[in-house]
Each structure stands twice: as structure tokens, then as C-alpha cells.
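# Architecture at a glance
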Amino acid sequence: MTDITPSAPKGRFAKIIDSDIFFSYRTSPVAIVSSIVAAILVLAAIFAPWIAPYDPFSPRTLNLMNGFTPPMSESMLGAFFIFGSDHQGRDVFSAILYGSRVSLLVGVSAVMFAMILGVSLGLIAGFRGGLTDTVIMRIADIQLSFPSILIALLIFGIARGILPPAQQENMAIFVLIFAIGLSDWAQFARTVRGSTMVERQKDYVSAARIIGVKPIFILIRHILPNVLGPVLVIGTIGLALAIIAEATLSFLGVGVPPTRPSLGTLIRIGQQFLFSGEWWILFFPAITLVLLALSVNLLGDWLRDALNPRLR
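Keep in mind it's a predicted model, so treat the numbers as computed, not measured.

## Observations concerning the UniProt feature "transmembrane region" (unreviewed entry) in the chain
The UniProt record marks residues 30-52, 64-84, 104-127, 139-159, 230-256 and 277-299 with the feature "transmembrane region" (unreviewed entry), using the residue numbering of this structure. This span, residues 64-84, is 0% helix and 19% strand, and a straight line between its end C-alpha atoms measures 13 Å. Secondary structure content for residues 104-127 is 100% helix and 0% strand, and the end C-alpha separation is 34 Å.

See below:
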């Protein structure tokens, strides 16, 4: 006699394991390696106060006699440096851990700001249409016609000019987040606007309108969940671009203050000593930035392919 007892429903974790996205992940060596590298760098930055052997930004731990110590060697005072030390006797390894925290903070915050602004404007433009859509999209087109780094420089310069000199250093990170985020919202807006224009023509939106659901609730409860797939892909790739933009601005000297240097600031400092033989001051921060941006970018590429039904 055949047993026709229905099987127990799968739990949420089992559904994730059996999903197409997880299958795509575990069959993609690039995605696995990229996620491991990104996780190591992010966790090292988060737990920097417990991992770093020195506090690189505390004047009590700095000694010029430890300066220019090569990697994997001891200084004149007997201090050991894994990645060497810079001109101030600062441990390069510890500086990278703390600098990665600043770079990730600025990158993640800027992407979140750009995502919230761009998704909101894209939903409004795609749902309302008409003059509202025209105005928002023309502003986005104008912004996309300029390189984002130039827009960020312009916004950063205007904000620094408005702030009082005493507050500029304290507000530098917030200004940097605002500048990078405001230069990247247009990509989110254009993508969400196109998806919203498709979704608003579907039956479930018409049914919600008929029963009297307010437009704001239609956007948040019904349309927004259906347009988040492309947003996650753009956000992941945008994170790598935001980290590079922060490093570029800091390298140009208009980013975070010297008291809280990021990877871009460390690279700017290291390039001053590259041709005098102290290559490690530039090399290790630069390779960390490359690994972080590349791993996040490769994860974004994998997520784009995994969420595209035409490529499955």
C-alpha cells in the first residue's frame, strides 16, 4: 500500500537552502571567494579595537623612533610591525583596520542615503507620471551627464563653505556621506521608476485602488517589495563605487579629516614615500582597498545574474 501521508512543510531555513539563489551561490566559486574576502575585511574593520595591536591614532602610542620600520621586523625600540610603520611610527596594519572602518562607514551610509532618496523619487515619478515624472527624470538626466566624483566635489565644497570653520572637521564625515549619496541617487531613481511604471499597470494595483487603498500605502506595501530586486543589485555595486569615491576624495585631500583617516588618506600619505623606498606605506592600504572594492563588486555581479531569470 502506497504511503500518501503529506510531508511536513519546509522551514524558512530549508527553503533558503533549496532556493535558486543559494544554488547559484554555492555553484559559483567567484561568489564564494568574494563573500569570504569581503566578510574577513568587514569583520576585521568592525573588531579593529580588539584586533589591532596598537592604537594608531593615539599620541601616546606614537614614537618617531619607530618610523619607517619595514614589514615583519622590529623597530629601534623593539616594537614589532606586521605591515611596517609609517613616517610617524604608526603601525600600518592597525591604521588599515581603523581606516577600513571609516571607509565602510562612509560607503554604507552614502549608499543607504542614495538608495532611500532614489527609491522614493523613483516610486513617486513612476506612480504619478506627468509633470512630476518629467521634472524628476530631467534632474536625474542632468546629474547623470556629469561624473559623480565631480558632483561630489562640488557638493562637498559648497557644504564646507556653508559650515563654520570650527565645525568643518567634526562634520566632515557627514558632509562626505551627503556628497557621495547625493551624487548617486539618480541610478536608483531611474531603475525604480521603470519598474514602478510596469507594476502600476498590473491587476493587484488596480484592485487596491478600487477598494480605496491610499496611494502611499500602495507604493509601500505593494509596489515597493516588487521593485527591490534591481535596487539590491545596484546598491551592492554602488557600495564598491562609494568606497572608491570616498578613497578618491580623501586622496585628493577633501575627504575625512586627518584625525580619522580612511584608506584613501593612508594611500595619499603612502604615495609621498613610494619613490624613497618605503613602499609598504602605500602598498598595503592600496591592496586592502582593491580587495574590498573588488570583492563587493564581484558579489554585486553575481547577485545581478542570480536575480535575472533570463540567465538561470
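## Observations regarding the side chain of R90
Counting through the fold element by element, R90 comes out in the loop between β2 (80-81) and α5 (92-128). The exposure class of R90 is buried, given its relative accessible area of 6%. Those residues in contact with R90 that lie beyond four places of it in its chain are P56, F57, L62, G84, S85, A95, L266 and I269.

## Quick look at helix α10 (residues 185-199)
The first and last C-alpha atoms of α10 sit 21 Å apart over 15 residues, in line with the 21 Å expected at 1.5 Å per residue. Within the sequence span of α10, burial applies to W185, A186, F188, A189, V192, T196 and E199. Taken around the axis of α10, the buried residues stretch over an arc of 150°, which confines them to a single face. For α10, the elements touching its buried residues are α5, α6 (130-144), α9 (172-182), α11 (203-210), α12 (215-226) and α13 (228-251).

## Topic: the packing of α5 against α9
Between α5 and α9, whose axes approach to 8 Å, the crossing angle comes to 45°. Considered as vectors, α5 and α9 are oriented oblique to each other. Here α5 and α9 pass one another in a crossing that is right-handed. Along its contact with α5, which presents V102, L105, V106, S109, A110, F113, A114 and L117, the element α9 presents I173, L176, I177, F178, I180, G181 and L182. Of the residues contributing to the contact of α5 with α9, the split by class is 13 nonpolar, two polar and no charged.

## Looking at the nonpolar core
Of all hydrophobic cores here, the largest spans 56 residues; its most connected members are V106, L123, L176, I180, F188 and I223. Top element by residues in this core is α5. It accounts for 13 residues. For F188, the residues in contact, after removing those within four places along its chain, are V111, A114, M115, G118, V119, V231, I234 and G235. One finds A125, A140, W185 and A186 within the second-largest nonpolar core, a separate group that totals seven residues.

## Structural notes on the UniProt feature "domain: ABC transmembrane type-1" (unreviewed entry) in the chain
The feature "domain: ABC transmembrane type-1" (unreviewed entry), as annotated in UniProt, sits at residues 100-300 in this numbering. Across residues 100-300 one finds 81% helix and 0% strand; the C-alpha atoms that close the span lie 20 Å apart.

Definitions and cut-offs
Residues numbered from 1 in each chain as written. Predicted model: local features only at pLDDT ≥ 70, side-chain atom pairs only at ≥ 80, totals over all residues. Heavy atoms only, no water. UniProt positions renumbered as here; feature names shortened; annotations may be inferred. Helix = DSSP H or I, 4+ residues; strand = E, 2+ residues; numbered from the N terminus. Buried < 20%, exposed > 50% of the residue type's maximum accessible area, 1.4 Å probe, protein only. Contact = heavy atoms within 4.5 Å. Expected span 1.5 Å × (residues − 1). Arc of directions from axis to C-beta. Axes fitted to C-alpha atoms, helices over the stretch in contact; angles between N-to-C directions. Parallel < 35°, antiparallel > 145°, perpendicular 65-115°, else oblique. Left-handed = near helix turned anticlockwise from the far one by under 90°. Nonpolar A, V, L, I, M, F, W, Y, C, P; charged D, E, K, R; others polar. Core = buried A, V, L, I, M, F, W, Y, C linked by side-chain atoms within 4.5 Å.

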